[in-house]
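Observations on the three-dimensional arrangement
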Protein chains: 2
Amino acid sequence: MVADRAGVMAVQVRLDPLHLALERGEDGRAVDLLFGLSSAEVASLLEGLPGPERGRLWRKIPEKSHGAILADLADPVRSSLLRRMAPEKVAEATKSLDIDDAVDILQDLPGPEEIEHVLRSMDVQNRRRLSSMLSYEEDQAGGLMDTDVVPVRAEVTLDVVARYLRSLGSLPEGTDSLMVVDREGHFLGTLSLRRVLTGDAQLTVGECMHSRHEAIPATLPAAEVSNLFAREDLVSAPVVDDQGRLLGRITVDDVVDVIRDQAERRMLHMVGLMQEEDTFSPVWGSAGRRAVWLGINLVTAFLAAWVIGHFEGTIRQVVALAILMPVVASMGGIAGSQTLTIVVRGLALGQLARANVKPLFLKELAIGTLNGLGWAAVVAVVGATWFDSPWLGVVFGAAMLVNLVVAALAGVGIPLGLRAMGIDPALAGGVLLTTVTDVIGFVSFLGLGALILL
Amino acid sequence: MVADRAGVMAVQVRLDPLHLALERGEDGRAVDLLFGLSSAEVASLLEGLPGPERGRLWRKIPEKSHGAILADLADPVRSSLLRRMAPEKVAEATKSLDIDDAVDILQDLPGPEEIEHVLRSMDVQNRRRLSSMLSYEEDQAGGLMDTDVVPVRAEVTLDVVARYLRSLGSLPEGTDSLMVVDREGHFLGTLSLRRVLTGDAQLTVGECMHSRHEAIPATLPAAEVSNLFAREDLVSAPVVDDQGRLLGRITVDDVVDVIRDQAERRMLHMVGLMQEEDTFSPVWGSAGRRAVWLGINLVTAFLAAWVIGHFEGTIRQVVALAILMPVVASMGGIAGSQTLTIVVRGLALGQLARANVKPLFLKELAIGTLNGLGWAAVVAVVGATWFDSPWLGVVFGAAMLVNLVVAALAGVGIPLGLRAMGIDPALAGGVLLTTVTDVIGFVSFLGLGALILL
């Protein structure tokens, strides 16, 4: 049963033969290659296939496996497959799933009409179970929770609990603790299975339960839920309504997905991709989504060009300025991005409050000045030697110092300002920052050039 | 017990008063503010303090709490505090910790000598427990595992297991299953606590255990361990040596840390910060670490300048070229980064194999061409109008198209090439890519300008 390297890598190893079989039209052979894989592994393979092949393979996969595979797929890939499934098939697929997985799938349907359509195709029990959950957003604690908790009362003894559990015959997957509630369903604490197994059988639940355990309100944002799980090393946590009544529980496997999604989104945001993006999404949609960011960048690039335009006469007389100006702008962009990244991360980790903004500014200013002085000296020598003009070297070095200092200030100020305005600093920060460093880089270099060299 | 928004945000809310108290020298009051917080919360607050205040607060915190807080700190902050602690204090602090946390702390000591020193200050039992674990790297399964597993034999009945557990009196935290082993300690399967509680007492462990469960080899890289946990929704998993003998187990809380660290590292790598970087690390060290990347960027920026230098005469005659050339380069950089990010993510998720590289290339090429044509038309009109020269518009548009197509090809080719050479594409990809888009942008625009406009 040991999973050697090859075993764990099973998924990647099968991607090539799978792709080959589909390319040759041997769809039957392709499905055979999926035999013995878990639904998560099949999902991972589907994500690695280009759109048309993915659709063909999907239709060949037995329908009884559709639900579990859908639950494991990344959102954009799931949406693309759901769009081609009949509502009855979607209803059927979600039937045997955990409630949180089923809700996730419904939330990826194109719109409320389609969700309504699928709900109507379900039996009453399944519909009721799902519709109450759909009132929570996907990125709230309520949208992450599962309702399959095992409640117990504080007054009973561990012995009674043990007999009760044996009578149930099984417990929901991922259950590591029971939820202690009062008569009205208010959450009182948790009782770990470990405690049931090892505690004195005559003790009551109330005496053994863990009541320091904080319950999570259903409206808490998913990002804070994941911070809480990571900080407190939780495996599962109770979710309550605003009256403190137990609604369900969140398990760590869903939190792991949230953390991975967040990291991915932050990375995509940095290049202006706002939606989750499937590696093999169709060309037209992708081109459009990327065009938005290119358009924004074009405006800022023209702003920089307009600034350069003011120095047309200067450039005509000292062409060396045109040759070297991208160096000043580019160094400012890099230095600023470094600061920006550190600050964006600090914000995400909740490390920055009003009080430590000043030391952060001072630290980054010091780093910017140090690196500014160092690289100013280097470029001054290079510039002066290359164009045989000491004064050009002076202008080059001075502009470099100015731009690296400005980059440090902008790298701290921009994300803090965006956050204060409620805008995601990872999304808009980069483009704003490079606009600042480009404009300041060109103005300082060309401006000093006009002053000193003409 | 309900954690309202304010409750979950407790950490951030206390950062300001804490900082204020330390600034005023009221260190006693600062420590009081930590009262009632978990070690994880204290760690989080320490991470948000600038270096000197952090050190002062640390010395005021009762030593018996040091171990738990050190275990929860981010690596760079932990290292900075450890450097100022006596080996005996470190030995004392790690004594009561889980073995994986203790090992993590030892691995953050400055060097093997310091580790040796701390080990020698420990009692025999503690030393023996730790030194066997130190042979595994921090980023391997062995470095993540804990040795506090509860082994059971396949032949005994659930009834016997239940009585055995009760005799133990407690189980290690995070235990959700027992490990089934044979006489030689070979791993056979897992038995969940749920099954012990709900199964028929007369069944044997062998009949109830979950044997499909894959054991993780101790040398498996941490990144693959986290992929496995995420894909299979694991809470804990057994770790075995190359003979299949049970060594310990990995729990999901450690995997959550790995996932967060990886995401953070990828983000920092993209701006050339290779080490983990504390938000408030000392200025000199930070400046040096960032200077490396700025230096690499300077070389590539001078390469681009050298390319522009070849068109000195052209620029002198048509200054508009100098004004507009940053626009071409910048758009190529953005488009290329978008492609690069998608490909880097696909590689990280294991979605890319040899077979689907071709469709990926074709898709990105199509997107690059579409966006290239669209933005070429826009800039051609703007350029022609601005400088009242239709031919300048043609040159501008053509260069834009060329650069966006090249950016798409480079965005796919560079990360795949780096990966093939064993280099982290997130680290070196960005700087290589912008070098390509800068050089191609300048060459195509100035070259076409020289051909058509002179």
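Scroll up a little and you will see the structure.
Residues numbered from 1 in each chain as written. Chains lettered and ligands numbered in written order. Predicted model: local features only at pLDDT ≥ 70, side-chain atom pairs only at ≥ 80, totals over all residues. Heavy atoms only, no water.

Enumeration according to the criterion identifies 30 salt bridges over all chains in this entry. For the salt bridge of B:Arg56 with B:Asp27, the shortest nitrogen-to-oxygen distance reads 2.7 Å. Here B:Asp27 lies in helix 3 (residues 27-33) and B:Arg56 lies in helix 5 (residues 51-60), a separation of 29 residues in the sequence. Classification of B:Asp27 as buried rests on a relative accessible area of 13%. Several salt bridges share partner residues, and in doing so they unite A:Glu41, B:Arg231 and B:Glu232 into one network. (Salt bridge = Lys/Arg side-chain N within 4 Å of Asp/Glu carboxyl O. Helix = DSSP H or I, 4+ residues; strand = E, 2+ residues; numbered from the N terminus. Buried < 20%, exposed > 50% of the residue type's maximum accessible area, 1.4 Å probe, protein only.)

Residue and element names in this part refer to chain B. The sheet built from three strands is open, its strands ordered 1-2-3 with mixed pairing. Pairing within the sheet leaves two strands with one partner each, and these edge strands are strand 1 (151-153) and strand 3 (187-192). Across the sheet, the mean angle from the axis of one strand to that of its neighbour is 40°, orientation sign disregarded. In terms of strand pairing, strand 1 meets strand 2 (residues 177-181) through three bridges, oriented parallel. Within strand 2, the position partnered with Pro151 by the bridge is Met179. (Pairing = 2+ DSSP bridges. Axes fitted to C-alpha atoms, helices over the stretch in contact; angles between N-to-C directions.)

At the junction of the two partners, chain B supplies 138 residues and chain A supplies 139 residues. Taken together, the connections running from chain B to chain A amount to six salt bridges. Between B:Arg345 and A:Glu264 there is a salt bridge whose closest N-O contact spans 2.9 Å. Summed over the shared surface of chain B and chain A, the result is 30 residue pairs in polar contact (both at pLDDT 80 or more). Here the side of chain B that touches chain A gets 19 residues from one element, more than from any other, and that element is helix 20 (residues 319-348) of chain B. By residue class, the composition of the side of chain B that touches chain A is 76 nonpolar, 33 polar and 29 charged. (Contact = heavy atoms within 4.5 Å. Polar contact = N/O pair within 3.5 Å; in protein donor to acceptor, adjacent residues only side chain to side chain. Nonpolar A, V, L, I, M, F, W, Y, C, P; charged D, E, K, R; others polar.)

A few words now on helix 18 (residues 283-309) of chain A. A rise of 1.5 Å per residue sets the reference length of helix 18 of chain A, with its 27 residues, at 39 Å; its end C-alpha atoms lie 36 Å apart and thus fit the reference within 8%. Along helix 18 of chain A, the largest kink reaches about 25° and is centred on A:Ala291. (Expected span 1.5 Å × (residues − 1). Bend = angle between axes of the 7 residues up to and from the residue.)

This next bit is on the side chain of A:Arg54. All names here are of chain A. Tracing the sequence through the fold places Arg54 in helix 5 (residues 51-60). A polar contact is formed between the side chain of Arg54 and the backbone oxygen of Leu46, at a distance of 2.9 Å. When sequence neighbours within four positions are dropped, the list of residues in contact with Arg54 reads Leu46, Glu47, Leu49, Val77, Ser80, Leu81, Asp278 and Phe280.

A few words now on the sheet that holds strand 6 (residues 246-251) of chain A. Residue and element names in this part refer to chain A. The strand order 4-5-6 describes an open sheet built from three strands, whose pairing is mixed. Across the chains shown, the open sheet's two edge strands, defined by having one partner strand only, are strand 4 (216-217) and strand 6. Here strand 5 (residues 236-240) pairs with strand 6 via five bridges, running antiparallel. By the bridge assignment, Val239 is partnered in strand 6 with Gly248.

What follows concerns the pairing of strand 5 (residues 236-240) of chain B. Residue and element names in this part refer to chain B. Of all five residues that make up strand 5, five are buried, and the element is covered over most of its length. Covered by surrounding structure in strand 5 are Ser236, Pro238 and Val240 together with Ala237 and Val239, the residues of both alternating faces. Two elements, strand 4 (residues 216-217) and strand 5, share two bridges in a ladder whose sense is parallel. Paired with Pro217 across the bridge in strand 5 is Val240.

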